[in-house]
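Fold and contact review
This is what each chain is made of:
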Amino acid sequence: MKRALVLMMALWAAAAWAQPAGAAAGLGTVNFQTTCRPDVQGNFNHAVALLHSFEYDESRDTFLAVAKADPHCAMAYWGAAMTEFHALWGEIDVAAGHKFAAQAQAAADADPQTSPREKQFIQAVSAIYADADVPLSARSKKFSDAMADVHSANPGDDEAAIFYALSLDESAGSDPASPNRQKCGDILEPLFEKMPNHPGVAHYLIHCYDNPVLAPKGVSAARAYAKIAPDSAHAT
């Protein structure tokens, strides 16, 4: 009887933690395919949805929970590394980001199932933390250059396009006239029609257009984002 009770509690805990693949209740819909175990894919998508809404602490915790459940999931460490880079806020934790990026690289090297695409994402996040005593603007440029390569190598990959668009906005800095801002919008606008419930597309469109010249273009994205991710404090 005691053993049965323990088993029931374990199953309940697993069900409570698991997220449906592609879904993130109250945070929009994300479908970031990986070679991680199928049973952690839903939680990985949940972590990415949190990341897209700049819910960095909760996103990191969720990525690390995925890594604990599936130590071979190199992309879980990639996600944790991404949570330490807040370029639009002018913040970065180089030490923590470097640690997670190194763990991602080690996990990828150890697991032959890790795909070339996943290794490209890991190389891109590693570029952020590669050197000491580098200004944030230079790190943002390195990341954007690396994400350009990921996007080019995976032209049909929506998440590669979304993160590349974000990197363009991040590397634009405070220059309202930077062509990167319009390029960011040009990448995301077609995806906004294709994936109207994706939190990153709407959220990043708002930031791409966050200047006096382009601001009117961001109105529809701002309205949509509030409905897509009502559970995110960043959307309200």
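Everything quoted here is computed from the prediction, not taken from an experiment. (Residues numbered from 1 in each chain as written. Predicted model: local features only at pLDDT ≥ 70, side-chain atom pairs only at ≥ 80, totals over all residues. Heavy atoms only, no water.)

Within the protein one finds 11 helices and 4 strands. Looking at the 236 residues of the protein, the share that counts as buried comes to 50%. Taken as a whole, the protein presents about 11,100 Å² of accessible surface, with 59% of it coming from carbon and sulfur. (Helix = DSSP H or I, 4+ residues; strand = E, 2+ residues; numbered from the N terminus. Buried < 20%, exposed > 50% of the residue type's maximum accessible area, 1.4 Å probe, protein only. Areas by Shrake-Rupley, 256 points an atom, 1.4 Å probe, with all protein chains shown as cover.)

What follows is about the packing of helix α5 (residues 94–110) against helix α6 (residues 116–128). Orientation of α5 relative to α6, taken along the N-to-C sense of each, is 155°, at an axis distance of 9 Å. One element, α5, and the other, α6, form an angle in the roughly antiparallel class. Taken as a pair, α5 and α6 cross one another with a handedness that is left-handed. Within the contact between the two elements, α5 uses Ala-101, Ala-104, Gln-105 and Ala-108 and α6 uses Lys-119, Ile-122, Gln-123, Val-125 and Ser-126. Of the residues assigned to the contact of α5 with α6, the class counts are 5 nonpolar, 3 polar and 1 charged. (Axes fitted to C-alpha atoms, helices over the stretch in contact; angles between N-to-C directions. Parallel < 35°, antiparallel > 145°, perpendicular 65-115°, else oblique. Left-handed = near helix turned anticlockwise from the far one by under 90°. Contact = heavy atoms within 4.5 Å. Nonpolar A, V, L, I, M, F, W, Y, C, P; charged D, E, K, R; others polar.)

Right, let's talk about the environment of Ile-128 for a bit. Looking at where Ile-128 falls in the secondary structure, it is placed in helix α6. Taking the C-alpha atoms as reference points, Ile-128 and Lys-142, 14 residues apart in sequence, are found 6.3 Å from one another. If we skip the residues at most four places from it in the chain, Ile-128 touches Phe-85, Ile-92, Arg-139 and Phe-143.

This part covers the confidence of the model for the protein. Here the protein averages 87 in pLDDT, and 84% of its residues register 70 or above. Note on residues 1–19: pLDDT is under 50 here. Beyond four places in sequence and across chains, it has 8 contacts. (pLDDT = per-residue confidence, 0-100.)

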